[in-house]
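# Structural description and commentary
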Amino acid sequence: MDVYEELIRERSAGRPTALATIVNATGSVPSQATAKLLLKTDGGIVGTVGGGAAEAAVIREAREVLATGRPKLATFDLHENPRMDIGMVCGGSLNVFIEPIRPTPVAYLVGAGHVGTLTAAAARLARIDVEVIDDRPEFACPARFPGARAIHDGPIEATLAELAPNDNSLIFIAGRSHELDARALRWAVDTPAFYIGMIGSRRKVQFVYHKLKTEGVTDEQLSRVHAPVGLNIGAHTPEEIAIAVVAEMIASIRHVEVAQSMTANMHDVAEAIGRKIQNPARPNRPDAAIELRPSLRSEAVAEAAASH
């Protein structure tokens, strides 16, 4: 089975994979066409990086990459661990680059009102595909959602029953009523979507949560929901709310648990430059590398993040 063909099939089905490629090795190596291994979410393997103990170690690393979404360069010294010598790399070392291959995420937007329209536009800028769900054809239409992957304008509950978000999906609920949003959220918490957000005030959130708990929804299911939704950027207008929501989606995609201003990093740089000017280690080397030490501000931010 061809690695690339299987990768395309998995990506088209909306399933992430991890691709391991030998990028450097001493000793004999497999041909370039076969020195790749694809790990699928169901644990299936396509291709090979040589077999044996070394390949088993690569698969372990690939599982971590698949879980975190972060690429990794793994190095195996076969001199230090002869048991990994597989006959294809005779001694020496083996470097394998393992990258996550993630399909384009899909955001299901329940509610085609003003915030939904703006959120769809912002999501598309972030290269997130969009499907729109609303029971009002005059709102859920191509003119308001150009470029949407799909637009569903039938009865809400019937439409939701036909959709099947996977673990690469996001769901954003911004309907026109508490009751409608409660029905949509009841559907959402039973899906494997990795992000679920619902717009609304704290009072609305409490109303919806209470209603769903009386229907048997558990606290664990509700803990998955971002509500009130969006990163706290002081958003007030529909445009600002859309940006805050998509920013939170991006943070979830990138596995960032606590988003914070990048300005904190520049405070560290400025303080490091100040230390360098006051205490030059090598006055004749103005281009010497600046040593960065965490500032008290950064330490406070890190402590606050850890406490949450």
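Throughout what follows, the structure given in this document is the object of discussion.

It is worth spelling out the packing of helix 3 (residues 114-125) against helix 8 (residues 238-253) at this point. The interhelical angle for the contact between helix 3 and helix 8, taken along N-to-C directions, is 50 degrees, at an axis separation of 8 Å. The orientation of helix 3 with respect to helix 8, classified from their angle, is oblique. Along this stretch, helix 3 crosses helix 8, giving a crossing that reads as right-handed. Residues H114, V115, L118, T119, A122 and A123 of helix 3 touch helix 8, and the partners they reach there are P238, E239, I241, A242, V245 and V246. A class-by-class count of the residues in the contact of helix 3 with helix 8 yields nine nonpolar, two polar and one charged.

All right, on to unusual backbone geometry then. With an omega of -10 degrees, the peptide bond running from A227 to P228 counts as cis. Its location among the elements puts P228 in the loop between strand 11 (225-226) and helix 8. Positive phi, close to 65 degrees, is recorded for R127, a residue that is not glycine. Tracing the chain through its elements places R127 in the loop between helix 3 and strand 7 (129-133).

With that settled, the discussion passes to a nonpolar patch on the surface. A cluster of nonpolar side chains, namely V23, L73 and F97, defines an oily patch on the protein surface of about 270 Å² accessible area. Position of V23 relative to the elements: it lies in strand 1 (residues 17-25).

Moving on to the sheet that holds strand 6 (residues 106-110). On the basis of which strands lie adjacent, the open sheet formed by six strands has the order 8-7-6-9-10-11 and parallel pairing. Every interior strand has two partners, whereas the edge strands, strand 8 (150-152) and strand 11, have only one. Relative to strand 8, strand 7 runs parallel, the two being bridged by three bridges. Residue pairing in the sheet places V132 in a bridge with I151 of strand 8.

Below, the discussion takes up the pattern of salt bridges. All told, the structure shown has 15 salt bridges when counted by the stated rule. Note that K72 and E61 form a salt bridge whose closest N and O atoms lie 2.7 Å from each other. Residue K72 is located in strand 4 (residues 72-77), and its partner E61 is located in helix 2 (residues 52-68); the two are separated by 11 residues in the primary sequence. If you follow the salt bridges from partner to partner, you end up with D134, D135, R136 and R176 in one network.

Definitions and cut-offs
Residues numbered from 1 in each chain as written. Predicted model: local features only at pLDDT ≥ 70, side-chain atom pairs only at ≥ 80, totals over all residues. Heavy atoms only, no water. Axes fitted to C-alpha atoms, helices over the stretch in contact; angles between N-to-C directions. Helix = DSSP H or I, 4+ residues; strand = E, 2+ residues; numbered from the N terminus. Parallel < 35°, antiparallel > 145°, perpendicular 65-115°, else oblique. Left-handed = near helix turned anticlockwise from the far one by under 90°. Contact = heavy atoms within 4.5 Å. Nonpolar A, V, L, I, M, F, W, Y, C, P; charged D, E, K, R; others polar. Patch = residues over 30% accessible without salt bridge, like charges linked within 9 Å, V, L, I, M, F, W, Y side chains within 5 Å. Areas by Shrake-Rupley, 256 points an atom, 1.4 Å probe, with all protein chains shown as cover. Salt bridge = Lys/Arg side-chain N within 4 Å of Asp/Glu carboxyl O. Pairing = 2+ DSSP bridges.

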